[in-house]
Structure formats: structure tokens, C-alpha cells
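Listed here are the chains, written in short residue letters.
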Amino acid sequence: MSVIFPKFIIFVKKQIMNLLNFITQFPDEDTCKNKFKEIRDTEGVICAHCGGKDHYWKKDKWQYECKKCKTRTTLRSGTVMHGSKLPFRYWFVAMHLLTSTKKSFSALELQRQLGHKRYEPIWKMLHKLREAMGKRDDNYTLSGQIELDEGFFSTEIAIEGKNNPLKRGRGSQKKTKVLVMVESKEVEGENTKRGKPRIVGHLKMQVIDNLKSETITPVVESNILKDSLINTDDSTSYNKLHEIVNEHKSQVIPKEKVGVILPWVHITISNAKRLFIDIYHDIKPKYLQSYLNEFCYKFNRRYFGEFLFDRLLVACVSYKNKFR
Ligand SMILES: [Zn+2]
């Protein structure tokens, strides 16, 4: 079941947890483990065997034991860390860096910072965290007035063989299609305080295989509340949207008007593109969604400040739980 994103909740904007606070709060492996357990206790442990919710804590083993069937659950099991051998502190550092930096962090950079020998586990860890972000946002639907359009992101296709006529040592580029949906309210008067023609809310970006109406319509249906108003250009990709939402406003949009009618889809697309080029350089098509998940997750929580770290921790702990 989906719920709508909470409407423009503005947290009192606090400072992002800075590096010194992070080190003070989590100086070692034990403090990270204890914090993870504390969040897990709050979110609830579900027995994988019988679905039981009541557990004893076996302190000597650092495991939960189901009161009904005695099945043991490790602290990591069923969370984003399931199957990972990396220290809790690595995960905490990664979560801190992902939530405290305005942009992001590449796996290579994180590997260097952690001084870890192998690249792959670090790369996997970051993708798991991005997956947890995506899962969290999947629980929510957009509502109200929505801007909708497609973006085309450059991604890399690896070419086999040495004699690649396109670009030596690298893959060729292709454009991966992304459906962008963003809550965007009209402003009374001319512009917002920041000079934008509409007020932006929450954002979703979804990789799609093609621009056919039968591809786009179900994606919109599962991401946007029925009782919404969608603004688009007059593309035939959108000719079924009126069947699934309250109102669909399709109009011919001359180039010079795009910034007024659909400002936020285009601002978010160009910000995401710039960020991806700066940090990751080349992205393979199958990983694009993962980077988009992180981008949207952070965009949708841009007012959370220091709460962002704890919220990501909750998303990681309840990775497999049903959304409540
Ligand atoms: Zn059980």
C-alpha cells in the first residue's frame, strides 16, 4: 500500500551532522552496532521462520531469538547489511558521507577513505544503500499538481573486444530514458521568493524502456495519486493519462515556455546530469536507477538536516519490513 509523501513538512533546518560530531558519536565498531540495534528494536524484528514479532535478545551471541519458534536472527539479517561482512562502522561512514555531502561519493573515493583493499565490496555497499533509499521512496506516491516529462541520460554501453572503433578503452554512449515526475504547485503572484514560477515538492525518477503510452501509463499509475493534476506537453506518450488521474493537462509547449510550464522537471534533470558527470563519469544503463534513487531520496528530504542520517538508518534497518 502506498501513502502520499507528507506535505511540505519543513523540519527546523538543523545543521547536517558534521564530521567531528560523527566521530564523537560513533568512535568505534561497538557504538555503531549498539545504535543499529537500538533502531532495530524500535522498528521491530520479524522472525523469518514464523513471522513472530516477539524476541528475546541473546546478549552473548548478539542475536535475537523468536519467543515462539526459537529461530535466531542476527543483527544484520533482514536489513540492508544482510550477507555483508564489512564492519558496521564502514556502513555508518558510508551513510554519513551519503547524507552529509551535498553531492555524493564514488565507491573509489570511499574505498580510498576507508583504506579497504578491495573495490567490489565497497561498491556493493553503496549500491545497497541506494537500493534502500529507492525502496523507501517506493512506499510513497506523489499528489497534487504534478509536472511530468522525460529526460535522456547519457549512459555507457561496454563494447567487447580491443578494436573498439567508437572510443578506445571505453564503451559507446547511449541515451537512457527516464520518466520524471515532480510535485509542483502554482504560485499566487508572479514567482516564488527564489524567483521560480512554481513551488516544488517531491520528486520521482524512473528508468523506462521506451516512450510508449503502454509503458508510461502504469508507471504513472503506481507513482501518482489518482486525485492529482498532471501537466505535460502534448506528446502521444501521455494520451492515456486522463484515464488514471483526476485531470491531465496536455499542451503544446514552445521551447521558451518550458521553464515556466515545466520548470522543475528540467531543473532536476539538469542537476542530476551534472552531478552524475562530476562524480561517476560513466554510468552503465543498468545502474542508472540506483543513482537516481539516491538523487531523489536526498531531494525529497532536503529539509531534514541532521535527521537525514537517522532516517537513512531506519530505511536500512527496515529494508525488508513491510511499510507501516
Ligand atoms: Zn519464529
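Scroll up to find the structure this text is about.
Presented here is an overview of the structure given in this document. Residue positions are given per chain, counting from 1 as you read along its sequence in written order. Residue-level local features of this predicted model are given only where pLDDT is at least 70; pairs of side-chain atoms are given and counted only at 80 or more, and the full residue set underlies all totals for whole chains, interfaces and linings. Side-chain numbers come from the whole structure's heavy atoms, not from hydrogens or water.

**Quick word on the overall build of the protein**
Point 1. Helix and strand content of the protein: 10 helices and 10 strands.
Point 2. Whether a residue is buried, partly exposed or exposed follows from its accessible area with a 1.4 Å probe, protein chains only, as a fraction of its type maximum: under 20%, in between, or over 50%, in that order. Counting the 324 residues in the protein, one finds 46% classified as buried.
Point 3. For the protein, the proportion of contacts with a sequence separation of at least 24, taken over those separated by at least 6, is 65%.
Point 4. Accessible areas in this description were obtained via Shrake-Rupley with a 1.4 Å probe; residue shielding takes into account the shown protein chains only. Accessible surface, the protein: about 18,000 Å² in total, of which carbon and sulfur atoms supply 51%. Note on conventions: DSSP H or I runs of at least 4 residues are helices, E runs of at least 2 residues are strands, and numbering of each starts at the N terminus. Throughout, a contact is declared for two residues whenever any of their heavy atoms are within 4.5 Å.

**Remarks on the pattern of salt bridges**
If charged atoms from side chains of opposite charge come close, those side chains can pair.
Point 1. The term salt bridge refers to a pairing of a side-chain nitrogen on Lys or Arg with a carboxyl oxygen on Asp or Glu at a separation within 4 Å. Enumeration over the complete set of coordinates arrives at 15 salt bridges.
Point 2. Measuring nitrogen to oxygen at the nearest pair gives 4.0 Å for the salt bridge that ties E65 to K58.
Point 3. For K58, a relative accessible area of 28% puts it in the partly exposed group.
Point 4. In this structure, the salt-bridge partner of K70 is E65, at a minimum N-O distance of 4.0 Å.
Point 5. The class for K70 is partly exposed, based on a relative accessible area of 48%.
Point 6. Look at E65 and you get buried, because its relative accessible area is 8%.

**Details of the packing of aromatic side chains**
Point 1. Side-chain rings of Phe, Tyr and Trp (the six-membered ring for Trp) are treated as a pair once their centres are within 6.5 Å; stacked means planes under 30 degrees apart, edge-to-face means over 60, and tilted covers the remaining angles. Inspection of the entire model under this criterion finds 15 aromatic pairs.
Point 2. Each ring, one from F26 and one from F92, has its centre 5.0 Å from the other, and the planes form 70°; the classification is edge-to-face. Highlighted residues: F26 in the loop between helix 1 (19-25) and helix 2 (29-43) and F92 in helix 3 (residues 88-100), separated in sequence by 66 residues.
Point 3. Among the residues examined, F26 registers a relative accessible area of 2% and is labelled buried.
Point 4. Pairing F276 with Y280 gives two aromatic rings, centres 6.1 Å apart and planes at 50°, and the pair type is tilted.
Point 5. The class of F276 is buried, set by a relative accessible area of 5%.
Point 6. Here, a charge over a ring is recorded when the distance from Lys NZ or Arg CZ to the ring centre is within 6 Å and its angle to the ring normal is within 35 degrees. When the ring centre of W62 is taken as origin, the NZ or CZ atom of K33, which lies over that ring, is 4.9 Å away.
Point 7. Cation over ring: K135 sits above Y319, and NZ or CZ is 4.7 Å from the ring centre.

**So, the coordination of the zinc ion**
Point 1. In this description, a donor is an N, O or S atom within 2.8 Å of the metal centre, a cutoff extended to 3.2 Å for sodium, potassium and calcium. Water is not part of the atom list, which can make sites seem incomplete. Note on the zinc ion: its protein donors are C47 (SG), C50 (SG), C66 (SG) and C69 (SG). The metal-donor distances range over 2.3 to 2.4 Å.
Point 2. Geometry at the zinc ion is tetrahedral, judged from the four donor atoms that bind it and their angles of 100 to 114° at the metal.
Point 3. Binding-site remark: the zinc ion is held by donors from one chain whose sequence spacing is C-x2-C-x15-C-x2-C. Pair noted here: C50 is in the loop between helix 2 and strand 2 (55-58) and C66 is in strand 3 (residues 63-66), with a separation of 16 residues, a long-range link.
Point 4. Residue classification places C50 among the partly exposed residues on the basis of a relative accessible area of 31%. When four donors show all angles between 85 and 135 degrees the site is tetrahedral, when four or six donors have opposite pairs over 155 degrees and all other angles between 65 and 115 it is square planar or octahedral respectively, and in every other case it is irregular.

That's the geometry; what it means functionally is another story.
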